[in-house]
Amino acid sequence: MVLVGIIHLLPVSGVLGVERLAALYGLSLGEPNIEILMRHRAILFGILGLFMVYAAFQPSLQTLAIIAGLVSVVSFIAIAWSVGGYNESVRKVVIADIIATVALVAAGAIRVISRNQI
């Protein structure tokens, strides 16, 4: 869960501005509305990332964190694959989200197994 939290925290630097967003996603963000949306997206990822890291040490929050993380990464993968034609930077995000999906499924399995052994 900490790994997935870190993956979600990486885009937070995008809140700093257009240059950082362009470096993260390989996009030109000349339109102010897109900049606003993308910078806000960076903040939301930060919130989710912090929650994931915190939940890793709070068993009562782990199920919720796993579900929230899975919704985030699986939805991004599904949207990217359905749209297609994405650039190399977005491909790296897809790969990171596939890794995060595997980690979350493993965390969920560990959680279920540990519950059944108590």
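Residues numbered from 1 in each chain as written. Predicted model: local features only at pLDDT ≥ 70, side-chain atom pairs only at ≥ 80, totals over all residues. Heavy atoms only, no water.

Moving on, we get to the environment of Ile43. Tracing the backbone through its elements, the reader meets Ile43 in helix H3 (residues 32-56). Separated by 34 residues in the primary sequence, Ile43 and Leu9 have C-alpha atoms spaced 9.0 Å apart. (Helix = DSSP H or I, 4+ residues; strand = E, 2+ residues; numbered from the N terminus.)

Residues annotated in UniProt with the feature "transmembrane region" (unreviewed entry) correspond here to residues 41-57, 64-81 and 93-113. Spanning residues 41-57, this segment combines 94% helix with 0% strand, and its end C-alpha atoms are found 25 Å apart. Segment residues 93-113 splits into 100% helix and 0% strand. End C-alpha atoms: 30 Å apart. (UniProt positions renumbered as here; feature names shortened; annotations may be inferred.)

A full pass over the atoms with the stated rule returns two salt bridges. Between Arg39 and Glu35 there is a salt bridge, with its nearest N and O atoms 2.9 Å apart. Of the two residues, Arg39 and Glu35 both sit in helix H3, four residues apart, roughly one turn of that helix. Arg39 sits in the partly exposed class, given a relative accessible area of 29%. (Salt bridge = Lys/Arg side-chain N within 4 Å of Asp/Glu carboxyl O. Buried < 20%, exposed > 50% of the residue type's maximum accessible area, 1.4 Å probe, protein only.)

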